Amino acid sequence: MTEASREVGVVVRRRSIDNPWIDELWSPALILEEVPSTAPWTALSSEADSTTYYAGAASIDLFSAETANYRDNLADGAPLIWVALRRRDGAAELELTKVTADPTEGEAMFESGCDVIGTVPMPPEIASWIAAFVDRFHVEQVFHKRKRDRAADDRPRVPGHRPDKGTGHT
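Quick caveat: nothing in here was measured; it's all calculated off a predicted structure.

Enquirer: Please give an account of the packing of aromatic side chains that cites residues and values.
Expert: Enumeration according to the criterion identifies five aromatic pairs in this entry. Connected via pairs of aromatic rings, a cluster forms that spans Trp26, Trp41 and Tyr53. Arginine 6 extends its terminal NZ or CZ atom over the ring of tryptophan 129, reaching a point 5.8 Å from the ring centre.

Here it is as structure tokens:
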């Protein structure tokens, strides 16, 4: 399985909200094509009810077996990057856990229920890098329709019902 990897920077936003159960809402804001020299969790901007942070560097990994998923993401017209963050025990910041361009993997991240998951637009330079990877490694898979096995005459086709042994009819 061929693999390519690229480091990117991740920017997130924390918004204060009026809710009796939670005080703030975190969401990914954007992906930087290059990793800046800024320290993780540096505040980049602050407004009345929100603050934007540089969360840190993350790696986007590409695998040759997943090129169809990357191709589908790019063909959508507005390709996305999925970002996963997790709350650390007792820390104010979140931990950056995963960044992916694979829509199948991105959608599966939503199943955890505990992490902060979101999508951001894919920067054009990263889209070009992924398109070149797909062009180089994608192999179209031929669809083979499977045929069902025929039931043997001695197996019941209806639960609890046995075929009539004398005539062969059920």
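Enquirer: Explain unusual backbone geometry residue by residue, including any values.
Expert: Positive phi outside glycine occurs at tryptophan 41, with the angle close to 65°. Among the secondary structure elements, tryptophan 41 is positioned in the loop between β2 (24-32) and β3 (42-46). The buried category is assigned to tryptophan 41, whose relative accessible area is 16%.

Enquirer: Which residues make up the sheet that holds strand β4 (residues 50-63), and what are the values?
Expert: Ordered by their spatial adjacency, four strands build an open sheet running β2-β1-β4-β3, and the pairing between neighbours is antiparallel. Edge positions in the open sheet fall to β2 and β3, since each of these has one partner strand only. Between one strand axis and the next, the sheet turns through 40° on average, direction left out of account. Relative to β4, β3 runs antiparallel, the two sharing four bridges.

Enquirer: So what about the pattern of salt bridges? Which residues, and what values?
Expert: What the rule picks out here adds up to seven salt bridges. We note a salt bridge from arginine 6 to glutamate 34, for which the minimum N-O separation is 4.0 Å. With a gap of 28 residues between them, arginine 6 in strand β1 (residues 3-16) and glutamate 34 in the loop between β2 and β3 connect regions that are remote in the sequence. For glutamate 105, the salt bridge identified is with lysine 98, shortest N-O distance 3.2 Å. Take glutamate 105: its relative accessible area is 29%, and that puts it in the partly exposed class. Within this structure, Arg6, Glu34 and Glu125 form a network of salt bridges that share partners.

What counts and how
- Residues numbered from 1 in each chain as written.
- Predicted model: local features only at pLDDT ≥ 70, side-chain atom pairs only at ≥ 80, totals over all residues.
- Heavy atoms only, no water.
- Phe/Tyr/Trp six-rings, centres within 6.5 Å; stacked < 30°, edge-to-face > 60°.
- Lys NZ or Arg CZ within 6 Å of the ring centre and 35° of its normal.
- Helix = DSSP H or I, 4+ residues; strand = E, 2+ residues; numbered from the N terminus.
- Buried < 20%, exposed > 50% of the residue type's maximum accessible area, 1.4 Å probe, protein only.
- Pairing = 2+ DSSP bridges.
- Axes fitted to C-alpha atoms, helices over the stretch in contact; angles between N-to-C directions.
- Salt bridge = Lys/Arg side-chain N within 4 Å of Asp/Glu carboxyl O.

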